[in-house]
Amino acid sequence: MAARTLVLLIAAAAAFPVAELSADPHQEAFERITRAVFPPRATAPLYRTIKTFVKAIDGVDLYTVAFVPLNIKQHFDTVMIRTPYGTDGLKSEGEMYVAAGFAAVMQDFRGRYRSTGTFQCWFNASVDALSTVNWIIEQPWSTRTVFQQGTSAPGLALYFSEVASPPASVVTALFPIVATAELHKTIYQGGAYRYSLIHGWLNGILEGSFEGNFTSHEGLTDYWENVTMTDKWERITAPAVHLTGWYDIFNQQQIDAYTAYQEQSTVGRGENFIIIMPTGHCAGGQIPWPGANVGYAFANNVSLILFLAHGTDPRRAEAQALLASLPPMYSALI
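J.: Help me understand the overall build of the protein in this model?
T.: The number of helices and strands found in the protein is 10 helices and 10 strands. Here the protein holds 334 residues, and the buried ones make up 55% of them. Within the protein, contacts between residues separated by at least 24 positions form 75% of all contacts whose residues are at least 6 apart in sequence. On the protein, roughly 13,700 Å² of surface is accessible, and the fraction owed to carbon and sulfur atoms is 57%.

J.: Would you mind showing me how to read the pattern of salt bridges here?
T.: A side chain with one charge may pair with a side chain of the opposite charge, provided their charged atoms come close. Evaluated as defined, the whole model comprises nine salt bridges. Between Glu-207 and Arg-112 there is a salt bridge whose closest N-O contact spans 3.0 Å. With Glu-207 in the loop between α6 (195-204) and α7 (211-215) and Arg-112 in the loop between β4 (103-108) and α3 (125-137), this residue pair connects regions lying 95 residues apart in the sequence. In this structure Arg-112 comes out as buried when scored by relative accessible area, which is 8%.

J.: Could you clarify how one ought to interpret the side chain of Thr-78 in this entry?
T.: Take Thr-78: it is sitting in strand β3 (residues 76-83). Once residues within four sequence positions are removed from consideration, Thr-78 is found in contact with Ala-103, Ala-104, Val-105, Ile-136, Trp-141, Thr-145, Val-146 and Phe-147.

J.: What should I look at first to understand the pairing of strand β5 (residues 142-151) in this one?
T.: Two faces make up the sheet, and in a regular strand the side chains alternate between them. The element β5 is largely enclosed, with a buried count of seven among its 10 residues. When β3 meets β5, the two strands line up parallel, connected through four bridges. Looking at the pairing, Thr-78 lines up with Val-146 of β5. Sheet topology places β5 next to strand β6 (residues 171-177); six bridges connect them, and they run parallel. Counterpart to Gln-149 in the pairing with β6 is Phe-175.

Cut-offs used in this document
Residues numbered from 1 in each chain as written. Predicted model: local features only at pLDDT ≥ 70, side-chain atom pairs only at ≥ 80, totals over all residues. Heavy atoms only, no water. Helix = DSSP H or I, 4+ residues; strand = E, 2+ residues; numbered from the N terminus. Buried < 20%, exposed > 50% of the residue type's maximum accessible area, 1.4 Å probe, protein only. Contact = heavy atoms within 4.5 Å. Areas by Shrake-Rupley, 256 points an atom, 1.4 Å probe, with all protein chains shown as cover. Salt bridge = Lys/Arg side-chain N within 4 Å of Asp/Glu carboxyl O. Pairing = 2+ DSSP bridges.

Remember, this is a structural readout, not a statement about activity or role.
Okay, here's the thing in structure tokens:
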């Protein structure tokens, strides 16, 4: 597939001669993607919930919740999300993936909520993700195809899971949202420690004692090996839809990640998308411009089509055609 850049620009800039989104010539593609992923349903999809612990490589128990659809199909491609914020808050996302025809697996980081062990931020992301992927593909409802999604901290866990090079035949597509693949460069931006960001976040999740691990390793040493992809882009196992905001705290690092995925990855080179919205970080950083967050809905649907295109679902061929129909640059200025 030829290299492409998909950029969604939404800005209050009347100087640019671009039509509003409602009149955008690519709105039809947006609506077509939405219909393909979410066909009209008379009732909400049914699913069963499996709550269990996945054994990490070092014996730590990782609390895991699986949403498995109840329908005529017996096996499902699976979307995995690993989070430090608690799996209880991911029910709506699990149901969204079930509605799109996938199973979904949500997991607490080690040391967080119901998972055992000591909180290690993202330093165990690769090995814990690999343990979880191995658990998923052993389940009787699994097709042995896994996708990953993550927003903010879970998005970092997604990027760093690629350090361990999960099997390319298993993990086949990704959706990192407002995240970075370079932790040291992000924490020590331009060499200066981002105290407000890091101190505030760690204390906000009641893990302030971990901050000393960052401040005592100011230099780029081997300590950061498991949380940087700079020299490991060839390990990438899958294409991705990268979603960021022009004012996001990880903006530059995520643009760099997209570029590296496009140009240096072994699997998925030239098959990535990047969508950039006029927003800050997560919902709290939304810019109060009309339609500022429409980019998320668009990116989410594109990611679902990417999952279908790289999975086992019967809609695979249709999804591949939809991806191929997207323009090299998607721009909508409001």
